[in-house]
Amino acid sequence: TELYDDERTALTKEAFKRAFLDNLLYVQGKFPALASQNDYYQALAYAVRDRLLQRWISTAAAYTKQGSRTVAYFSAEFLMGPHLGNNLINLGIYEQVREAISELGLDFDTLLRQEDEPGLGNGGLGRLAACFIDSMATLEIPSLGYGIRYEFGIFHQEIVDGWQTERTDKWLRFGNPWEILRPEWAVEVKLGGHTEQYRDEQERLRIRWVPGKVVVGVPYDTPILGFRNNTANTLRLWKAEAPESFDFSTFNRGDYGGAVRQKVWSETLSKVLYPNDEQIQGKTLRLEQQYFFVSASLQDMMRIMRVQKLPLERFHEKFAVQLNDTHPAIAVAELMRLLVDDHVMPWEQAWDITCKTFAYTNHTLLPEALECWPLELFKSVLPRHLDLIYEINVRFLDEVRIRFYGDEARLARLSLIDEHGERYVRMAHLACVGSHTINGVAELHSELLKQDVLRDFYELWPHKFGNKTNGVTPRRWMALSNPRLSDLISEAIGDSWLKNLDELQKLEPFAQDAAFRQRWREIKLANKVDFAAFVKERNGINIDPASLFDVQVKRIHEYKRQHLNILHVIALYHRLRSDPNADFQPRTFIFGGKAAPAYHMAKLIIKLINSVADVVDRDPAVKDRLKVVFLQNFNVSNGQRVYPAAELSEQISTAGKEASGTGNMKFSMNGALTIGTMDGANIEIRQEVGAENFFLFGLTAEQVAQTKGRGYRPLEHMTAELQEVISLINSGFFSRGDVQMFRALTDGLLWHDPYLVFADFESYSECQLQVSQAYRDVDHWTRMSILNSARSGKFSSDRTIREYCADIWRAPSVPVRLLS
Ligand code: DL6
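This paragraph deals with the site of the ligand. Residues in contact with the ligand amount to 15 residues; listed here are only the nearest, E278, H363, N470, E658 and G661. Here D325 contributes a side-chain N or O atom positioned 3.3 Å from a nitrogen atom of the ligand. A distance of 2.6 Å is found between an oxygen atom of the ligand and a side-chain nitrogen or oxygen belonging to E658. When isolated, the ligand has an accessible area of 430 Å², and the protein chains bury 94% of it. The site holding the ligand turns out to be the largest cavity. Class assignment for the residues of the shell around the ligand results in five nonpolar, seven polar and three charged.

Below, the structure is given as structure tokens:
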């Protein structure tokens, strides 16, 4: 009671008001008349943070006392989204605080919108990491998220004349009230240079790494609250800084420029997130970033071992490390280096600890996304690690040689070094060799890993392979983003579904209740009205909330096939123009997503969508029946607006290409129906919600493989309608007469399309007709919508994390008692 002043941590409205006004004065240094909306937001954020800190301290105390096993989630990306609303939901005081703020004469929603969201991720993989740490805190699993505190997160997308342009994401410009700097736990990270042999005091021959440069990793901690419990885990992100001593020595030599350069170079390491998903760029800085955060994190974990007086021999008992894709895979070699070089542990023992520590999640089936580093580049950044990888490889291949006697081709395929032509280090192989468990992120994906991408590893170690179907947190993706629906659900079945999403099943009988269906529809309509107002504000166009909201929001990529969607929109447009009196279900097609800045085809697809949007919007002949909207800068905050308003979810990737998808889950939970292929987690969504509540089309992964095997010839799939669509594009109709603008796109589709757009077009088009017909039966559609929500329990990230805990991490929960 003496330690934690009640006034600073109480959750009452009055305490919040006082804290808010106090912070405005003492933290922001403003009085109300001069304060900006951002000052108010910061004052509120600090008031919330005080409450988090009390839970954080209590959590640290509980974990220290228990000496519990801790999950370290290593991820180059954490796409957190805004913290304020989510923290209020998890504390259970959202409404109270809204009232407190409005009683002070302020608009709560305006304050929420002030937060520059930390967009430290590209898309699915980074957002999954964010959902996972939310679920780990909710399930009271001791855990640390380790990553990079990029100064600039994913770029801000603006559409100029239909084209994507990128602006720097300055999310830190007004400061970040959610993080706490921990300079006392800074660590040094070496890079470059060379290795040399030497004899230690006991005359043992050893290797020393003489680095070319050193940077300091400084941790910034963000508390991650569990849902309505006392747990606050930690997200620890590393910022790169120059070591002071380096600066000084250079400065003292009179080389001021040199000292500054060193500082600038060091800080570059955590400056910016690489904006590519599913494609590697092979840049030195990227490898340096990966190594930087991995080394800092492993050193930090060793510090924790020291503090808790645990011997390093028990590292794997204390920590379970999950590698979120291959981005942190260098951790396998780094842990070996720390144990063997720095702590003089025998190789075999160090290797045993390493393999018992790591587990690896693969997130992609695209070959171009599998990280490989040119050997020379790798050596220039991590010379000692290359030696260690060679040694790991020699020992590994010895094992393979014995298992697969005389199979030289297999050895070459499995090797950690790709020796065909230019030599590369294969990071997925390093991750597989150094991990005790390997998983994919949906059933189909995990199967395809075994059959195809990681087949040789599967044949070697079948017991290592498993599946962990992704999930998303219902706290952010329902309670926070869709309060109307969440309230209705809680009114019907109580509110424990937020912690146990399977309870949504209890909604099923309500699908038969006409009054409930009516309310369900009213809520969807209210969400659509809100969204239409948002579109009006952002894009300046009117969309009709009575039309069917058909949404595809995700990264722009050829395999995700936004072009299949827009070709179909053009076909509809053509039908309407050819037959103005056609019976037509009015639709609004909503697109959103970023393209990697160097991915020209993806950018061209954005331009085509915007060009079609523009023509359709200007054409009075289709007015009120067809609209196309490209929502700029799709990010977490915009996602929170669009999922609740969606009625049809477009999950139309080429089967066998989308590892899982997680947007598909957010839509379904919020009552949208899916039109989709048998790909990723779509298959499991369909299985859960029932085939009759899902619009399926297109080739299966097997058929895709067969079609490709036979030699895919797009023209064989050309229909009269498709011909019209392609001709319209090529005629310059959507490009002010420029017949060349979209040629690269149409030629690709016509002659060498690896994503089989034409092959699926007819099936897609027919399926869309079924959607339109189904939508007209309002009651039936609502029933399907309710059932989608009611049967989405499996897709909570709590379920996913329970599975990781049981099968991979073996980390028991540790409940936290609030210290007061
Ligand atoms: O597992 C999360 C998410 C999946 O849902 C998507 O299907 C997949 O495309 C995505 N993968 C990436 C690729 N990054 N890398 N490597 O974001 O992961």
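Still more ground to cover, so stick around.
Attention now moves to helix α3 (residues 37-66). Helix length check: α3 (30 residues) gives 43 Å between terminal C-alpha atoms against 44 Å at 1.5 Å per residue, within 8%. Positive backbone phi, approximately 55°, marks G67, located one or two places after α3.

Strand order in the open sheet formed by six strands is β22-β21-β20-β23-β24-β25, and the pairing between neighbours is parallel. A single partner strand is all that each edge strand has here, and the edge strands are β22 (626-631) and β25 (695-696). Bridge analysis of strand β21 (residues 587-592) against β22 gives six bridges, and the strand direction is parallel. Within β22, the residue paired with G592 across the bridge is L631.

Relative orientation and spacing of two packed helices are given, respectively, by the angle between their axes and the distance between those axes. Interaxial distance between helix α12 (residues 331-342) and helix α15 (residues 383-403) falls to 10 Å at its minimum, and their mutual angle equals 95°. Taken together, α12 and α15 sit at an angle that is classed as roughly perpendicular. Mapping the contact onto sequence places A333, E334, M336, R337 and D341 in α12 and R384, H385, L388, I389 and I392 in α15. Classifying every residue of the contact of α12 with α15 by side-chain character gives five nonpolar, one polar and four charged.

Let's shift gears to the domain arrangement of the chain. By the assigned domains, the chain splits into domain 1 (67-81 + 117-394 + 803-809) and domain 2 (483-700 + 757-793). Taking the mean C-alpha position of each, domain 1 and domain 2 sit 37 Å from one another. Listed per partner, the contact involves 31 residues of domain 1 and 30 residues of domain 2. In total, domain 1 and domain 2 occlude about 2,600 Å² of area from one another, counting both sides; carbon and sulfur atoms represent 55% of this. Scanning the region where domain 1 abuts domain 2 turns up four salt bridges. Among the salt bridges present, the one from E166 reaches K603, with a minimum N-O distance of 2.7 Å. Where domain 1 meets domain 2, there are 16 residue pairs in polar contact (both at pLDDT 80 or more).

For L567, the position within the fold is in helix α23 (residues 562-578). By relative accessible area, L567 is classed as buried at 1%. Not counting residues up to four positions away in its chain, the partners in contact with L567 are L722, V725, I726, I729, L749, V757, F758 and F761.

It is worth spelling out the pattern of salt bridges at this point. Under the counting rule described, the total for this entry stands at 65 salt bridges. Put simply, R337 and E334 hold a salt bridge, and the shortest N to O gap is 2.9 Å. With R337 and E334 both in helix α12 and three residues apart, the pair spans about one turn of that helix. Note on accessibility: R337 and E334 belong to one class, buried. Its salt-bridge partner being R618, residue D614 comes within 3.4 Å of it at the nearest N-O pair. One end of the pair, D614, and the other, R618, are both in helix α24 (residues 600-618), four residues apart, so they sit about a helical turn from each other. Looking at D614, the relative accessible area reads 34%, which means it is partly exposed. Each of D407, R410, R413, R455, D456 and E459 takes part in one network of salt bridges that share partners.

The rules behind each value
- Residues numbered from 1 in each chain as written.
- Predicted model: local features only at pLDDT ≥ 70, side-chain atom pairs only at ≥ 80, totals over all residues.
- Heavy atoms only, no water.
- Near = heavy atom within 4 Å.
- Polar contact = N/O pair within 3.5 Å; in protein donor to acceptor, adjacent residues only side chain to side chain.
- Areas by Shrake-Rupley, 256 points an atom, 1.4 Å probe, with all protein chains shown as cover.
- 1 Å grid on protein atoms, 1.4 Å probe; cavity = no way out; pocket = protein on both sides within 12 Å on 5 of 7 lines; lining within 4 Å.
- Sits in = over half its atoms within 2 Å of the grid points.
- Nonpolar A, V, L, I, M, F, W, Y, C, P; charged D, E, K, R; others polar.
- Helix = DSSP H or I, 4+ residues; strand = E, 2+ residues; numbered from the N terminus.
- Expected span 1.5 Å × (residues − 1).
- Pairing = 2+ DSSP bridges.
- Axes fitted to C-alpha atoms, helices over the stretch in contact; angles between N-to-C directions.
- Parallel < 35°, antiparallel > 145°, perpendicular 65-115°, else oblique.
- Contact = heavy atoms within 4.5 Å.
- Domains from an automatic or database assignment.
- Buried area = accessible area lost by both parts, 1.4 Å probe.
- Salt bridge = Lys/Arg side-chain N within 4 Å of Asp/Glu carboxyl O.
- Buried < 20%, exposed > 50% of the residue type's maximum accessible area, 1.4 Å probe, protein only.

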